[in-house]
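# A closer look at the structure
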Amino acid sequence: MYVCLCKAVTQQQIEDAVEDGYSYAQIRQKYGVATDCGCCGQMAKQMIREKTATLPPCEFSEAC
Ligand code: FES
């Protein structure tokens, strides 16, 4: 599913980036999410929150 139509960014791309440790700001910079019309920003943030909640805790959580 496309999350950002302006930049043709998919849910899978965002979820993969979250799994690789990317933050919203980093995903925005990497893919251009929410850098054009901005309509996708809230959906992308929610998607990142939900995906992050499914990930195991970071073993370096004190340093993260
Ligand atoms: S839909 Fe993402 S910037 Fe327009």
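Residues numbered from 1 in each chain as written. Predicted model: local features only at pLDDT ≥ 70, side-chain atom pairs only at ≥ 80, totals over all residues.

### Here we look at the overall build of the chain
Within the chain, the secondary structure is distributed over three helices and two strands. Tracing the chain from N to C terminus, the helices and strands come up as β-β-α-α-α. Over its C-alpha trace the chain gives a radius of gyration of 12 Å, about what one expects of a compact globule, namely 11 Å for 64 residues. With the C-alpha coordinates of the chain rotated into their principal frame, the extents come out at 35 × 20 × 15 Å. Look at the contacts in the chain between residues 6 or more apart in sequence, and 49% of them connect residues 24 or more apart. (Helix = DSSP H or I, 4+ residues; strand = E, 2+ residues; numbered from the N terminus. Rg over C-alpha atoms; globule rule 2.2 N^0.38 Å. Contact = placed C-beta atoms within 7 Å.)

### A look at the environment of Cys 40
As for its position among the elements, Cys 40 is in the loop between α2 (24-31) and α3 (41-54). Measuring from C-alpha to C-alpha, the distance between Cys 40 and Ala 25 comes to 13 Å, with 15 residues separating the pair along the chain. When neighbours within four sequence positions are excluded, Cys 40 is seen to be in contact with Val 3, Cys 4, Val 33 and Ala 34.

### Side note on unusual backbone geometry
Phi is positive for Ala 8, close to 55°, though the residue is something other than glycine. One can find Ala 8 in the loop between β1 (2-4) and β2 (9-10). Assessed through the 11 C-beta atoms surrounding it within 10 Å, Ala 8 is described here as exposed. Look at Ala 34: it is not a glycine, yet its phi comes out positive at around 65°. As for its position among the elements, Ala 34 is in the loop between α2 and α3. The exposure class of Ala 34 is buried, given the 22 C-beta atoms found within 10 Å. (Buried ≥ 20, exposed ≤ 12 C-beta atoms within 10 Å, placed from the backbone.)

### Section: the confidence of the model for the chain
Chain-level statistics for the chain give a pLDDT mean of 92 and a share of 91% at 70 or above. Taken element by element, the chain is modelled with least confidence in α3, mean pLDDT 96, and with most confidence in β2, mean pLDDT 98. (pLDDT = per-residue confidence, 0-100.)

### Regarding the nonpolar core
Core analysis: the largest hydrophobic core is formed by 13 residues, its most contacted members being Val 3, Cys 4, Val 9, Ile 14, Val 33, Cys 40 and Ala 44. Other than its neighbours up to four places away in sequence, Val 9 contacts Tyr 2, Val 3, Cys 4, Ile 14, Tyr 31 and Val 33. (Core = buried A, V, L, I, M, F, W, Y, C linked by C-beta atoms within 7 Å.)

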